[in-house]
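# Descriptive analysis of the structure
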Amino acid sequence: MVVTLEADVAKVHAARSAASLVQPGMIVGLGSGSTANLMVRRLGERVAEEGLDFVGVPTSVATAELARELGIPLRDVDDVPHVDLNIDGADEIDPEYRMIKGRGGALLREKLVACVARRRVTIISPEKVVPRLGTDSPVPVEVSRLGWRHVEQRLRKLGATTALRRTPEGMMFITDGGNVIIDCRFSALADPETLEAGLKSVVGVFETGLFLGLCDVLVVGRPDGAEQIVTHARRWTGCA
Ligand code: 5RP
């Protein structure tokens with residue numbers, strides 16, 4: 001994906017627009033990645049400027065560190081009964097508001113927090129909208145570090161071309177949960193729901209980056225502002 005200055009400006013607009021949805025007293029899921037970071041920074045400004053009082057539920061160690069620096073009070077997902085509003089980025093989103101997430105490696109916690117949220121807001125720049133999932137992004141699959149080679153073989157049998165995710169230094173990428181990620185490409189990703197069920201049936205797979213039925217509001221940033229779209233997307237049965 002080509003990241004342009006225009007995309008960066010669009011991310012800022014999307015982030016600010018979504019941050020304006022946070023109201024006093026809310027429990028807010030704080031996503032991960034560059035767009036989510038901009039949203040967290042905007043919330044930090046609102047805390048400083050207006051004394052906005054809310055609780056954040058971070059979806060990664062990196063987001064928790066950033067939020068803490070900005071003076072945002074935090075709780076773990078297990079310490080809240082639900083999340084009122086979850087705001088997170090995405091790598092791709094299709095016309096049915098199905099998404100691929102996890103380029104930053106935070107997919108497990110991101111999906112857990114999204115699943116307990118009453119309203120899920122996705123913040124993106126326009127190039128993330130694709131006609132079909134898998135257009136540009138692989139599907140990240142978080143798997144057990146122990147036995148990952150065997151899990152990888154099973155994923156290949158499901159039709160994936162696989163790559164173990166590595167750090168820029170060539171080391172195994174280890175998630176916040178201590179697992180590894182296998183990035184999976186499929187020649188035709190026509191039926192994400194069936195693929196999700198297939199991937200989750202493999203022993204050793206903890207979570208996938210397919211986020212289906214988890215976008216209630218899509219905020220698309222543009223060079224000159226942001227558009228909020230209420231999706232009416234079908235709710236996903238995978239959440240508790
Ligand atoms: C991290 C994610 C991110 O939300 C996704 O990769 C989008 O990131 P960015 O806003 O930097 O483009 O899923 O696991």
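Coordinates for the structure precede this section.
In this report, the structure presented in the accompanying data block is examined. (Residues numbered from 1 in each chain as written. Predicted model: local features only at pLDDT ≥ 70, side-chain atom pairs only at ≥ 80, totals over all residues. Heavy atoms only, no water.)

### Regarding the site of the ligand
Put simply, the rule reads: Only heavy atoms are used to decide nearness, and a residue is near a molecule or strand if one of them lies within 4 Å of it. Polar contacts, as counted here, are pairs of nitrogen or oxygen atoms within 3.5 Å of one another; within protein the pair requires one atom able to donate a hydrogen and one able to accept it, and residues that are adjacent in sequence qualify only if both atoms are side-chain atoms. Accessible areas in this description were obtained via Shrake-Rupley with a 1.4 Å probe; residue shielding takes into account the shown protein chains only. Amino acids outside the nonpolar list (Ala, Val, Leu, Ile, Met, Phe, Trp, Tyr, Cys, Pro) and the charged list (Asp, Glu, Lys, Arg) are all regarded as polar, and Gly is one of them.
Near the ligand there are 17 residues, and of these Ser34, Thr35, Asp91, Gly102 and Lys128 occur at the shortest range. Here Gly104 contributes a backbone N or O atom positioned 3.4 Å from an oxygen atom of the ligand. Here the ligand has 380 Å² of accessible area as a free molecule, and 91% of this is covered by the chains. Looking at the shell around the ligand residue by residue, the classes come out as two nonpolar, eight polar and seven charged.

### Comments concerning empty space enclosed by the protein
Condition: A pocket here means an open set of points on a 1 Å grid, computed over the protein atoms alone, that has protein on both sides within 12 Å along at least five of seven lines. A cavity is instead a set of points where a 1.4 Å probe fits but cannot get out; residues with an atom within 4 Å of a point line either one. Grid points are joined across faces, edges and corners, and a volume is the space filled by probe spheres set on the points. Only DSSP runs of H or I reaching four residues or more are called helices, and only runs of E reaching two or more are called strands; each is numbered from the N terminus.
Throughout the structure, instances matching the rule amount to one cavity of 30 Å³ or more. Here the largest cavity defines a volume of roughly 70 Å³. Every residue lining the largest cavity is listed: Asn86, Asp88, Gly89, Met99, Lys101, Ala114, Arg120, Val121, Thr122, Phe211 and Leu214. Of all the secondary-structure elements, those providing two or more residues to the lining of the largest cavity are strand 3 (83-88) and strand 6 (117-124). Its residues assigned to classes, the lining of the largest cavity comprises five nonpolar, three polar and three charged.

### Let's talk about the sheet that holds strand 9 (residues 180-185)
Put simply, the rule is: Strands are treated as partners if at least two bridges between them are detected by DSSP. Between the N-to-C directions of two axes lies an angle of 0 to 180 degrees, each axis being a line fitted to C-alpha atoms and, for a helix, fitted only over the stretch in contact. Contacts: residue pairs with any heavy atoms within 4.5 Å of one another.
Read across the sheet, four strands follow the order 8-9-7-10 without closing on themselves; strand pairing throughout is antiparallel. The strands lining the two open edges of the sheet, one partner per strand, are strand 8 (161-164) and strand 10 (205-208). The average angle at which neighbouring strand axes cross in this sheet is 30°, direction not considered. Where helix 4 (residues 107-115) meets the sheet, its contacts fall on strand 7 (139-143), strand 9 and strand 10, and the angle it forms with strand 10 comes to roughly 70°. This element, helix 6 (residues 192-200), spans strand 7 and strand 10 of the sheet and lies at about 160° to strand 10.

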